[in-house]
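The primary structure of each chain is shown beneath.
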Amino acid sequence: MTSELIYKYLSNEASEQEVQQLFDWIDASEENKKQFISLKKTWALTAVTGTISRDTSPVIALKPKNNTRKYFRYAAVFVVLIGLTRLAFYFNERTTASKEIVLELSDGSFEYFTHKNENALVNDKGELIARKFSDRIVYFGKVLDKEVSYHTLTVPYGKRFKLTLSDGTFVSLNSGTTLRYPEQFGINGKRNVYLTGEAFFEVAKDKQHPFIVHSDKIAIEVLGTKFNVTAYPEDKTVSSVLVEGSIQMSEKDNPLNAVLLKPSQMAVWQNESKKIVTQTVDTAVYEAWTQGELVFQNTPFSTIAKIIERTYDVEIINENTVLARQSFTGSIKISESSVANILELLKRDTPFNYSIKQNTITITPIFHN
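Let us look at the structure shown here. Keep in mind that what you see is a predicted model, and the values were worked out from it rather than measured. Think of each chain on its own: its residues are numbered from 1, step by step along the sequence as written. In keeping with the model being predicted, local features are shown solely for residues with a pLDDT of at least 70 and side-chain atom pairs are shown and tallied solely at 80 or more, while totals for entire chains, interfaces and linings include all residues. Remark: hydrogens and water are excluded; side-chain values derive from all non-hydrogen atoms of the structure.

### A short note on the packing of aromatic side chains
The geometry of an aromatic ring pair is captured by the separation of the ring centres together with the interplanar angle, meaning the angle of the planes. Going by this rule: Two rings from Phe, Tyr or Trp (for Trp, the six-membered ring) form a pair when their centres are within 6.5 Å of each other. A pair whose planes differ by under 30 degrees is stacked, one over 60 is edge-to-face, and the rest are tilted. Helix and strand definitions follow DSSP, with helices as H or I runs of at least four residues and strands as E runs of at least two, each counted in order from the N terminus. Each residue gets one of three labels from its accessible area relative to the maximum for its type: buried under 20%, exposed over 50%, partly exposed in between, using a 1.4 Å probe on protein chains only. Whether a charge sits over a ring comes down to the Lys NZ or Arg CZ being within 6 Å of the ring centre and within 35 degrees of the ring normal.
With the rule as written, the count across this model stands at eight aromatic pairs. The interplanar angle of 80° and the centroid separation of 5.3 Å between the aromatic rings of Tyr139 and Tyr181 together place this pair among those described as edge-to-face. Of the two residues, Tyr139 is situated in strand S6 (residues 136-139) and Tyr181 in strand S11 (residues 177-182); the sequence distance between them amounts to 42 residues. Note on Tyr139: relative accessible area 3%, which makes it buried. Of the residues examined, Tyr181 reaches a relative accessible area of 0% and is grouped as buried. Taken together, the ring pairs connect Phe185, Phe201, Phe211 and Phe227 into an aromatic cluster. Above the face of the Phe133 ring, Arg136 is positioned so that its terminal group lies 4.0 Å from the ring centre. Between the NZ or CZ atom of Arg180 and the centre of the ring of Tyr150, over which it lies, the distance is 4.1 Å.

Here it is, written out as structure tokens:
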């Protein structure tokens, strides 16, 4: 009965007597107040489905209580939760100035991924080493170790990319990411690649040639597995989430400072303390971006803002301390959403103003002068 009364009130269908009855009920206990706030959020979010078209925005739905993995894989939801941490933030300048995906070859020349035609890449001997497509690149072959040459692939904000390395390892690169890797792996030794940004690896098994991801002061060694690495310079951390197999994260200057991960574990290297902290996580959250989704699990707005900046190639300046204190849970289809869609959803819970000037978004309090 109380739920029905709340929805009548929110829909402006309640009588004065019913409104007074509802207010008396809310004032009766802190638990009643929490229930009212929860139902108000539910009503606000579900109301959005009737005003935002499916082809330009996420579909809003309630989060199932006991099916987290299925929820994160398939639901397009955006449920607001109130956080306790005060987070005011401003963002660094983009690390990738180019708006195109750029491949730097071993001879210092550049290839750009701006056309949909297929190109072949050859080495200085005229041998085929890769096929280049608009959204991916596939490498072939091995060489003697002394002849190993490196390519560097840079993915700007607003774009993502996929590549298959010459050993068969599949890599998804997120926005704002640079990966340096051999154009062809050697027949001896280890398989070394160097990452700045975020990438999801599906490493080809080869026990004789361990695969190592180098990022800042951390090395992640594997034999064959699936895992995600996040190593953006502004975060001051390097994290790795293991989906399948086994990986070891270690400090380059102190190899004894290391952890061995099991599936569904995340290791986080803290640059200031030089500690590696582990925890159990839902790996679906960290795989979702490779499928074109942004997934948040009680994520602070400051972190979400960084993700939105990279994904949509914008800059966000937040001057609203109320919004900065919040965290969010849910997922959004990247191709079906825009920054404006996301901000409008946030406004349903926490009113604020925002302005867009070119690629800069400024968020201010509702009564900002």
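### Observations concerning the pattern of salt bridges
Two side chains that carry opposite charge are able to pair once their charged atoms sit near each other. The condition is simple: We count a salt bridge whenever a side-chain nitrogen from Lys or Arg sits within 4 Å of a carboxyl oxygen from Asp or Glu.
The full count for this structure, using the stated rule, is 11 salt bridges. Notably, a salt bridge pairs Arg191 with Asp167, separated by 2.5 Å at the nearest N-O pair. Taken together, the residues span a long stretch of sequence, with Arg191 in strand S13 (residues 191-202) and Asp167 in the loop between strand S9 (161-164) and strand S10 (170-173) at a distance of 24 residues. Residues joined in a network through salt bridges with shared partners are Glu234, Asp235, Lys306 and Arg310.

### A word on the sheet that holds strand S26 (residues 360-364)
This is how the line gets drawn: DSSP calls a pair of strands paired once it identifies at least 2 bridges connecting them. In this description, a line fitted to the C-alpha atoms serves as the axis of each element, helices being fitted only across the stretch in contact, and the angle between N-to-C directions of two axes falls anywhere from 0 to 180 degrees. Only heavy atoms matter for contacts: two residues are in contact if any of them lie within 4.5 Å across the pair.
Spatially, S23-S26-S25 is the arrangement adopted by the three strands of the open sheet, whose pairing is mixed. Two strands bound the open sheet, and with one partner strand each, they are strand S23 (315-318) and strand S25 (353-357). Averaged over all pairs of adjacent strands, the angle between their axes in this sheet comes to 15°, without regard to strand direction. Sheet analysis places S25 next to S26, joined by five bridges and oriented antiparallel. Note that in S26 the partner of Asn353 across the bridge is Thr364. Contacts between helix H6 (residues 301-312) and the sheet are confined to S23 and S26, with S23 contributing the most and set at about 155° to the helix. In this fold helix H8 (residues 339-349) packs onto S25 and S26, with an angle of close to 170° to the strand it touches most, S25.

### Digging into a negative patch on the surface
Stated precisely, the cut-off is as follows: Residues enter a patch when their relative accessible area is above 30% and they make no salt bridge; the linking distance is 9 Å between like charges and 5 Å between nonpolar side chains (Val, Leu, Ile, Met, Phe, Trp, Tyr). Every accessible area reported is derived by Shrake-Rupley at a probe size of 1.4 Å, with residue values counting cover from the shown protein chains alone. In this tally, Asp and Glu contribute negative charge and Lys and Arg positive charge; neither His nor the terminal groups of the chain are included. Charge coordinates come from a single atom per side chain, which is NZ of Lys, CZ of Arg, CG of Asp or CD of Glu.
Taken together, Glu104, Asp107, Asp124 and Glu127 make up a surface patch of like negative charges. Secondary-structure assignment places Asp124 in the loop between strand S4 (119-122) and strand S5 (128-132).

### Remarks on a nonpolar patch on the surface
Side chains of Val122, Leu128 and Phe140 sit close together on the surface and give an oily, nonpolar patch of about 240 Å² of accessible area. Position of Val122 relative to the elements: it lies in strand S4.

### Points about the pairing of strand S8 (residues 150-155)
Note: strand S2 (residues 102-104) against S8, three bridges, orientation antiparallel. Counted as the bridge partner of Glu104 is Thr152 from S8. Inspection of the sheet shows S8 paired to S11 by six bridges, in the antiparallel sense. Its bridge partner being in S11, Tyr150 is matched across the sheet by Pro182.

### Side note on H6
Here is the rule we go by: Helices are assigned an expected span. That span is 1.5 Å times one less than the residue count.
The end-to-end C-alpha distance of H6, which contains 12 residues, comes to 16 Å, matching closely the 16 Å that a straight helix rising 1.5 Å per residue would cover. In terms of residue burial, H6 counts as a mostly covered element, since nine of its 12 residues are buried. All of the buried residues along H6 are Phe301, Ser302, Ile304, Ala305, Ile308, Glu309, Arg310, Thr311 and Tyr312. Positive phi shows up at Asp313, right after H6, with a value of about 55°.

### Some remarks on the side chain of Thr290
The criterion, for reference: What qualifies as a polar contact is a pair of N or O atoms within 3.5 Å, subject to a donor-acceptor requirement within protein and to the restriction that residues adjacent in sequence count only when both atoms come from side chains.
Within the secondary structure, Thr290 is located in the loop between helix H5 (283-287) and strand S22 (293-300). The buried category is assigned to Thr290, whose relative accessible area is 15%. There is a polar contact of 3.5 Å between the side chain of Thr290 and the side chain of Gln291. Once you skip the residues sitting within four places of it in the chain, Thr290 turns out to touch Lys162, Ser172 and Phe200.

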